[in-house]
Amino acid sequence: MQEAYIVDAVRTPFGKRDGSLRDTHPQDLAAEPLLALERRNGFDGGETVEDAIYGCVGPVDEQGLNIGRLAPMVAGWGEDVPGVQLNRMCGSGQQAVNFAAGQIRGGMADVLVAGGVEHMTRVPLGSDTPGEQNSYADDTGVSETYFEHFEELTTQGEGAERIAEEWGLSREDCDEIAVDSQHRWGEADAAGHHDEQVVPVETTLDGEGIVLERDEHPRPETDMETLSDLPLVVREEGDGVVHAGNASGIVDGAAATLVASGAACERHGWDPIARIVDSHVVGVDPMTMLTGPIPATDELLAENGLSVEDIDRFEVNEAFASVIGAWLAETGADWERTNVWGGAIAHGHPLGATGAALLGKLPYQLDACDGRYGLCTMCIGFGQGIATLVENI
């Protein structure tokens, strides 16, 4: 079995909803990381890349027609690079990288690009859900037979509230995680830690040419007092914890990795930045929905003979702060080694792209701390979890 390596990992800046990327077509946004990978690593995409694997949670309207195939075409890679779009909901971008690694480890490919895109301004959350409500909520979008097996179709927000209840997390606990995320993003940005991974996007806004160079969603000045004034958005009365400030931001963005075999790295003169060791997915109770990172982490570590103490950096998607609180409590992981450069509460969560972006952070973080192992994990709708283990080289 050959090894699978991350040669490079890039992402666009994440634009806030209705922000600087609002006039950018999702296909153009999806092409940006591919162009950056080609430019930075000195290859001709049309001649070198065997397949493009892209996650997208709303593969309809402008994100339809298989954006995984269209992204390399829009990038100018010609007709020879095939492409596929996949949807494992919030874990889609990470799953794309895991699939790429599996193909390379199995000897079926040597050079792949994998990542994802989500333009949440132009293709809003829930656009792929049937029904008049056009929303992933209540009793819309699933067969009546579903309710013969499960009592309800839980929303992710309600799942986050149930997790807070089960693990005894207060609003203040969640807000502390949110404030840390914002502050960490600000400190990392000031130190230039995002510069290697985040590539500028040249685009147009209201007919004028612009260059977006940094994330638009973060508010590094956020404090506990500011968050305490925000209204609850799921349980508007009583002891709810979820509000806009301690949940992931709705943003537009794309991310991609160049994944290759050792032979391909040698042939092209590439110096890879990490080895993809292993990956794991789980299914969990859809009534709480978002607990998947807990068993995904535990099982992936066990399969590789490792413990949380062996992991130098964790990336855990901050879909909601309560998800992070429960994961920390159950795994025993150290918050000081987790989301050290800020997470989705700060920079946002462009659904299909986030997994590739979070996983792509780890090689840079491991290099910065001279660590060996990094682990990325995400919660996923309908009760799933995904995890990937990488090694610094």
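Before reading further, recall that the structure is shown in the block above.
Residues numbered from 1 in each chain as written. Predicted model: local features only at pLDDT ≥ 70, side-chain atom pairs only at ≥ 80, totals over all residues. Heavy atoms only, no water.

## Some remarks on the pattern of salt bridges
Worth spelling out the cut-off: Whenever a carboxyl oxygen of Asp or Glu lies within 4 Å of a side-chain nitrogen of Lys or Arg, that contact is scored as a salt bridge. Runs of E in the DSSP output that reach at least two residues are strands. Runs of H or I that reach at least four are helices, and both are numbered from the N terminus. Each residue's exposure class comes from its accessible area (1.4 Å probe, protein chains only) as a fraction of the maximum for that residue type: buried when under 20%, exposed when over 50%, partly exposed otherwise.
Under the definition given, this model contains 16 salt bridges. Where R11 meets D215, a salt bridge forms, and the shortest distance between an N and an O atom there is 2.8 Å. Of this pair, R11 sits in strand 1 (residues 4–11) while D215 sits in the loop between strand 7 (208–212) and helix 7 (224–228), and the two are 204 residues apart along the sequence. Exposure class is identical for R11 and D215. Each is buried. Here the residues in one salt-bridge network are E152, E158, R162, E165 and R235, joined through shared partners.

## Observations regarding a negative patch on the surface
Under the convention used in this document: Patch construction takes residues with relative accessible area above 30% that form no salt bridge. Like charges are linked within 9 Å, and nonpolar side chains (Val, Leu, Ile, Met, Phe, Trp, Tyr) are linked within 5 Å. To measure how exposed things are, a 1.4 Å probe is used in the Shrake-Rupley method; for residues, cover is taken only from the protein chains shown. The positive count covers Lys and Arg only, the negative count covers Asp and Glu only, and His and the chain ends enter neither. By convention, charge coordinates are those of NZ in Lys, CZ in Arg, CG in Asp, or CD in Glu.
On the surface, E166, D285, D298, E299, E303 and E330 cluster together to form a negatively charged patch. Looking at which element gives the most residues to the negative patch, the answer is helix 9 (residues 293–303), with three residues. In this fold, E303 is placed in helix 9. Accessibility expressed as a relative area gives 47% for E303, which makes it partly exposed.

## Some remarks on the pairing of strand 3 (residues 51–55)
Note the threshold: When DSSP locates at least two bridges between a pair of strands, those strands are taken to pair.
Burial analysis of strand 3 places five of its five residues in the buried class, the great majority of the element. Side chains D51, I53 and G55 of strand 3 all project onto a buried face; the interleaved residues A52 and Y54 project onto the opposite face, where all are buried too. Two elements, strand 3 and strand 5 (residues 111–119), share five bridges in a ladder whose sense is parallel. What sits directly across from G55, in strand 5, is G116. For strand 3 and strand 4 (residues 83–86), the ladder comprises four bridges, and the chain directions are parallel.

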